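# Coordinates in review
Here is how the chains run, residue by residue.
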Amino acid sequence: MRDLSAGPRVLLKRLRELMAEPLEPQERLDQIVRQIASNMVAEVCSVYVLRADGVLELYATEGLNKDAVHLAQLKMGQGLVGTIAASAQPLNLSDAQAHPAFRYLPETGEEIYHSFLGVPILRAGRSLGVLVVQNKAQRNYREDELEALETTAMVLAEMIATGELKKITRPGLELDLTRAVTIDGDSYNEGIGLGYVVLHEPRIVVTNLLNEDTETELRRLADALGSLRISIDDMLSRREVSMEGEHREVLETYRMFAHDQGWVRRMEEAIHNGLTAEAAVEKVQSDTKARMIRLTDPYLRERMHDFDDLANRLLRQLTGFSPHSQTEGFPADAIVFARAMGAAELLDYPRANLRGLVLEEGAVTSHVVIVARAMGIAVVGQAAGAVALAENGDPVIIDGDDGKVHVRPMADLQKAYEEKVKLRAKRQEQFRALRDVEPITKDGKRITLQMNAGLLVDLPQLSESGADGIGLFRTELQFMISSTMPKGEEQENFYRSVLRQAGGRPVTFRTLDIGGDKVVSYFRGHEEENPALGWRAIRLSLDRPGLLRTQLRALLKAAAGAELKMMLPMVTEVAEIRAVRELLQKEVQHLSKFGHPLPKKLQFGAMLEVPALMWQLDELMQEVDFVSVGSNDLFQFTMAVDRGNARVSDRFDVLGRPFLRILRDIVRAADRHETPVTLCGEMASKPLSAMALLGIGFRSISMSPTSIGPVKAMLLGLDVDQLGRELHAALDDHHSHLPLRDILVGFAEDNNIPL
Ligand code: PEP
Ligand code: MG
């Protein structure tokens, strides 16, 4: 009787020898299929390889008509072979011709074979081809035979991935592995980057596939699993993992999977079939991934990621791989691919080499995206399947304007983008030339152009852009990218560095604006149904005076001997400003009592983001030293549209009559009280809307640093008084239906104003 477990082992041993022999690729493939057929007592064994054009081509066969090699072909999804590749699932049939997908290829002469067993050739869950055995007699292949064939398919996956088959690919054709693919995602930050793929979690390439000794490998797997379980328990017992919340849930799920008997058994089985421990982990990982990659249920997809992460950890254990060994040879133009990533991890990359970031998940508001935007690199998020489709070092283009990622682009596309990038660089050059030009309109009005910031990486942009100062410094970013609450001293040091790097230009610090879409992992309040309208920003600060006082003290100390400008976010009632002023007073007294030097000037302002303040404008203007309009939130609350939901937020226009009238009322109230007013929302970042703001009377705006150049170019050609007259007339005309946007665009065109 045949020894079941010895069968695949003998086969793998033979394959290992074949891989080592100096054979031409076709000869090697031919011998491989011959070996498999004889070992599995099958009359036929064939290998189909997926080409870049989505066709599965017969590359080698034992048993079918040899003349059909490189001629017989099936499209993805077509016939049994195409079905296996498309679904990445095996098919085990005792009567293949009865299967609805069966398609007869006359050139192969396969009509006499009844039973059929086919498995996908997988790599990272992606089909690269199909391996098939067939028999004349009607029979059911056993589970262990299926396992053995899957294991063998790994050897073929390795052969395809190393590019060995290129030599026997017909001229003009390419294999799927090198296919150009375009991934559609969402644009999270504008910009175009050309460069090379850097996988944030590099795939561990298992080259040592076939084992010498089953017992040793089983022991290695058991040891690695043991350490993995201990490390998860360790993480769970650490204090920084709060008792509840997502982080803990993820770890609990990991623990559950790490003890999952089904998972462990499948890996052990693969070792019994002749694989090394790491190859067994990889095989099961790839099978699981292939099965789950097609899931649409977000909960199950998340579980797939958990499983994948766990398998990666196990692979690292088994191969002694450390991601740091990857930093050598880091490309000069790197585009980082990740499923998800923490903000701090992005900061670990050499900034000068980064050209873009591709995320399979994420949201515009996620921390890593905030940091990437501050770094000024292109970001595409929700790029499904990006990590599995790319290999380290693949050439890639990221188009942050269109939300597209072109992996291994064709030459003409590459050329077109190179032109685009050149053109942009030229435009940037022109903007840079404006850096030292004073922002004075054609009719002689000096406009203050400031930039928004929140991290130290933003600071160099101050002198690069020629901004007058920082009109909005979002202090919550330091909290959002840190894994623990920054202590008072850390905050103080941070603010001091910001002021030092600003080199005397004014910086307006905004006190903590957390809550809503700004999530701080270690500071979780209760779940809220409407977080945007909930416990956030100044509300939270007033309820947690300790937190606010620590920040106020840090700001006062950091600005000792200098000027301190600070403002409060999301004020709803003027009374809130008074309450904070009292706390500030207490801090000032406290510091002077202990002989600390104080700022030589203090300016205290408020943001206008909540419509209720529109009916307290006169009190507000008298209460503060300055007002800054947060148009992102003011628009959201005025128009009742979620700013993060493109389905509704794109529906209404910031340049529509209602919103512009509101902004004009604010400017008028500020003028009445001679209170300086500025605007620091996204509206200031686009030349057209910035032009409208100047038209209704703003003389100071704050924007993203890259917008300073384009906005300055716009205002240098603008007669602001003339625009003001036309715009006011249009806003006061209650009968016109002409969209204001059209009026503004027309004005710019008539007056040659660059937008
Ligand atoms: C705003 O709301 O317009 C604003 C500038 O604040 P943030 O975008 O940080 O909410
Ligand atoms: Mg806001």
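Shown above is the structure to which this text applies.
Let me sum up the structure you'll find in this document. Because the structure is a prediction, the values reported are computed rather than measured.

## Remarks on the site of ligand 1
- Of all residues adjacent to ligand 1, which total 14 residues, the nearest are Arg474, Lys518, Glu609, Asn632 and Arg643.
- Contacts to ligand 1 include Arg474, whose side-chain N or O atom sits 2.7 Å from an oxygen atom.
- At a separation of 2.8 Å, an oxygen atom of ligand 1 approaches a polar side-chain atom of Glu609.
- Of all the secondary-structure elements, those providing two or more residues to the shell around ligand 1 are β16 (470–474) and α21 (631–639).

## Thoughts on the environment of Val627
- Note that Val627 resides in strand β20 (residues 626–629).
- Spatially, the C-alpha atom of Val627 lies 67 Å from that of Leu156, the residues being 471 residues apart in sequence.
- Setting aside residues up to four positions removed in sequence, Val627 forms contacts with Ala606, Leu608, Leu620, Met621, Thr675, Pro676, Val677 and Thr678.

## Observations regarding the coordination of the magnesium ion (ligand 2)
- Those donors, Glu609 (OE) and Asp633 (OD), are the protein atoms that reach the magnesium ion (ligand 2), and they lie 2.0 Å from it. On the criterion of sequence distance, the pair formed by Glu609 in the loop between β19 (601–608) and α20 (617–623) and Asp633 in helix α21 is long-range, its members being 24 residues apart. Each member of the pair, Glu609 as well as Asp633, is classed as buried.

## Re the sheet that holds strand β2 (residues 55–62)
- A sheet is described by the order of its strands in space; here six strands give the open sequence β3-β2-β1-β6-β5-β4, paired in antiparallel fashion. What marks the edges here is a single partner per strand, and that holds for β3 (73–75) and β4 (91–93). For this sheet the average axis-to-axis angle between neighbouring strands, irrespective of direction, equals 20 degrees.
- Two strands pair when backbone bridges link them, and strand β1 (residues 44–50) and strand β6 (residues 126–135) are joined in this way by six bridges, in the antiparallel orientation. When the sheet's bridge partners are listed, Cys45 is paired in β6 with Val133.
- Where helix α4 (residues 143–161) meets the sheet, its contacts fall on β1, β5 (115–123) and β6, and the angle it forms with β5 comes to roughly 45 degrees.

## Section: the environment of Asn208
- Structurally, Asn208 is set in the loop between β9 (192–199) and α5 (214–237).
- Of the residues examined, Asn208 reaches a relative accessible area of 43% and is grouped as partly exposed.
- Remark: the alpha-carbon pair of Asn208 and Thr253, spanning 45 residues in sequence, is separated by 30 Å.
- Not counting residues up to four positions away in its chain, the partners in contact with Asn208 are Thr276, Glu278 and Ala279.

## Comments concerning the sheet that holds strand β13 (residues 395–399)
- Spatially, the eight strands line up as an open sheet ordered β7-β14-β13-β9-β10-β11-β12-β8, and their pairing is mixed. Each having just a single partner strand, β7 (181–184) and β8 (186–189) make up the two edges of the open sheet. Direction aside, the axes of adjacent strands within the sheet are offset by 30 degrees on average.
- Where strand β11 (residues 354–359) and strand β12 (residues 378–381) come together, three bridges link them in parallel fashion.

## Some words on the packing of aromatic side chains
- For the coordinates displayed, the defined rule picks out six aromatic pairs.
- Each ring, one from Phe635 and one from Phe659, has its centre 5.1 Å from the other, and the planes form 85 degrees; the classification is edge-to-face. Residue Phe635 is found in helix α21, and its partner Phe659 is found in helix α23 (residues 657–673); the two are separated by 24 residues along the sequence.
- For Phe635, a relative accessible area of 8% corresponds to the buried category.
- With a relative accessible area of 0%, Phe659 lands in the buried category.

## Observations concerning the side chain of Glu278
- You can see Glu278 is positioned in helix α8 (residues 277–292).
- Since its relative accessible area comes to 7%, Glu278 is described here as buried.
- Engagement of the side chain of Glu278 in a polar contact is seen with the side chain of Arg220, the distance being 2.8 Å.
- Ignoring anything within four residues of it in the chain, the contact list for Glu278 reads Val206, Asn208, Glu217, Arg220, Leu315, Leu318 and Thr319.

The rules behind each value
- Residues numbered from 1 in each chain as written.
- Chains lettered and ligands numbered in written order.
- Predicted model: local features only at pLDDT ≥ 70, side-chain atom pairs only at ≥ 80, totals over all residues.
- Heavy atoms only, no water.
- Near = heavy atom within 4 Å.
- Polar contact = N/O pair within 3.5 Å; in protein donor to acceptor, adjacent residues only side chain to side chain.
- Helix = DSSP H or I, 4+ residues; strand = E, 2+ residues; numbered from the N terminus.
- Contact = heavy atoms within 4.5 Å.
- Donors = N, O, S within 2.8 Å, 3.2 Å for Na, K, Ca; no water.
- Buried < 20%, exposed > 50% of the residue type's maximum accessible area, 1.4 Å probe, protein only.
- Pairing = 2+ DSSP bridges.
- Axes fitted to C-alpha atoms, helices over the stretch in contact; angles between N-to-C directions.
- Phe/Tyr/Trp six-rings, centres within 6.5 Å; stacked < 30°, edge-to-face > 60°.

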